[in-house]
Amino acid sequence: PASLGLHSSVGLLFTVVLLNFVVADSLNLSNSVKRLRGWDVQAAQILGTAQVEKADAILFDEREIAAHMVWEWQQELPQIMVYDLNGRPDNTYEYEFPFIYEQGKQYLLATQVQDLCLYNKFTDIKSVGTSFVDLKASRHGRPERTIDLYILSGFDPSRPVECSE
């Protein structure tokens, strides 16, 4: 009975912390749940940019971002694709939502990759802003979560990908 009470109390505490970020902040547990925050805001920002830019599809290069967007947009999933950066599918999202270029279409790239050399196969790359949620942390030397947004068009599979070391 004592064990049941203790474990139930701990379980209830963690449930409250996961469901209420204000409680997490007050208990200094913000870092534990930071990755759950703000995805709804970023989903709205990214989708809004795609609509303003009249993108035909939204392109991701990271499984984590794609997964959160699929979850946030589950009621009305826009056309999304996952760009396989290394040429071999490494996760379900690269299999399920592969990048398939269609002539004359433009794609909104949502990425945290700072060196766009991996996108040299596109002849036109235009920055259209960022989506940012302040999680009071940093990743890759940048405030977390900064997702850069670009419009890509003119895909040429024969162009070499040239990245300097």
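Before reading further, recall that the structure is shown in the block above.
As a starting point, this report considers the structure included with it. (Residues numbered from 1 in each chain as written. Predicted model: local features only at pLDDT ≥ 70, side-chain atom pairs only at ≥ 80, totals over all residues. Heavy atoms only, no water.)

## Details of the nonpolar core
We count it as follows: By nonpolar core we mean a set of buried residues, namely Ala, Val, Leu, Ile, Met, Phe, Trp, Tyr and Cys, connected to one another through side-chain atoms within 4.5 Å. Think of it in three bands: residues with accessible area under 20% of the maximum for their type are buried, residues over 50% are exposed, and the middle band is partly exposed, with areas taken using a 1.4 Å probe on protein chains only. Runs of E in the DSSP output that reach at least two residues are strands. Runs of H or I that reach at least four are helices, and both are numbered from the N terminus. Whether two residues are in contact is decided by their heavy atoms, any of which lying within 4.5 Å being enough.
Ranked by size, the top nonpolar core spans 21 residues in total, and within it I46, F60, M69 and W73 carry the most contacts. Looking at this core, the elements with two or more residues in it are α4 (39-52), β1 (57-60), α5 (63-72), β2 (80-82), β3 (107-111) and β7 (146-155). Top contributing element to this core by residue count: α5, with five residues. Those residues in contact with M69 that sit more than four places away from it in its chain are W39, Q42, A43, I46 and F60. One finds A57, M81, L116 and F155 within the second-largest nonpolar core, a separate group that totals 13 residues.

## Focus: the pairing of β1
Here is the rule: Strand pairing is assigned whenever DSSP identifies at least 2 bridges connecting the two strands. Handedness is read with the strands pointing away from the viewer; a crossover is right-handed when the path from the first strand over the helix to the second is clockwise.
The two faces of β1 match: A57 and L59 on one face and I58 and F60 on the other face are all buried. Across three bridges, the pairing between β1 and β2 is parallel. Counted as the bridge partner of L59 is M81 from β2. With α5 bridging β1 and the parallel β2, this β-α-β connection has right-handed handedness.

## Looking at the packing of aromatic side chains
Each aromatic ring pair is characterised by the separation of its centres together with the angle its planes make. The criterion, for reference: Each Phe, Tyr or Trp ring (for Trp, its six-membered ring) is paired with any other whose centre lies within 6.5 Å, and the angle between the two planes then decides the class: stacked below 30 degrees, edge-to-face above 60, tilted in between.
This model, assessed by the stated rule, comprises twelve aromatic pairs. Centre to centre, the rings of Y83 and F122 are 6.0 Å apart; their planes meet at 50°, and the pair counts as tilted. With a gap of 39 residues between them, Y83 in the loop between β2 and α6 (92-96) and F122 in strand β4 (residues 122-132) connect regions that are remote in the sequence. Pairing Y101 with F155 gives two aromatic rings, centres 5.4 Å apart and planes at 40°, and the pair type is tilted. In this pair, Y101 is assigned in the loop between α6 and β3 and F155 in strand β7, connecting sequence segments 54 residues apart.

## A few points about the packing of α4 against α5
Applied cut-off: To get an axis, a line is fitted to the C-alpha atoms, and for a helix only the part in contact is used. The angle between two axes follows their N-to-C directions and goes from 0 to 180 degrees. Angle categories are assigned with fixed cut-offs, so that under 35 degrees is roughly parallel, over 145 is roughly antiparallel, 65 to 115 is roughly perpendicular, and the rest are oblique. Basically, the charged four are Asp, Glu, Lys and Arg, the nonpolar ten are Ala, Val, Leu, Ile, Met, Phe, Trp, Tyr, Cys and Pro, and anything else, Gly included, counts as polar.
The contact between α4 and α5 brings their axes to 9 Å, and the two run at 90°. What the angle tells us is that α4 and α5 run roughly perpendicular. Along its contact with α4, which presents W39, D40, Q42, A43 and I46, the element α5 presents E64, I65, H68, M69 and E72. Along the lines of polarity and charge, the residues of the contact of α4 with α5 split into five nonpolar, two polar and three charged.

## Concerning the pattern of salt bridges
This is how the line gets drawn: Salt bridge criterion: a side-chain nitrogen from Lys or Arg within 4 Å of a carboxyl oxygen from Asp or Glu.
Summed over all chains, the structure comprises three salt bridges. A salt bridge links E53 to K126; the shortest N-O distance between them is 3.5 Å. With E53 in the loop between α4 and β1 and K126 in strand β4, this pair connects stretches of sequence that are 73 residues apart. A residue is classified by how much of its surface remains accessible, and K126, at 44% relative accessible area, is partly exposed. Between E102 and K105 there is a salt bridge whose closest N-O contact spans 3.3 Å.

## Considerations on unusual backbone geometry
Even without a glycine there, the phi angle at K54 is positive, about 55°. Overall, the relative accessible area of 64% leaves K54 in the exposed class.

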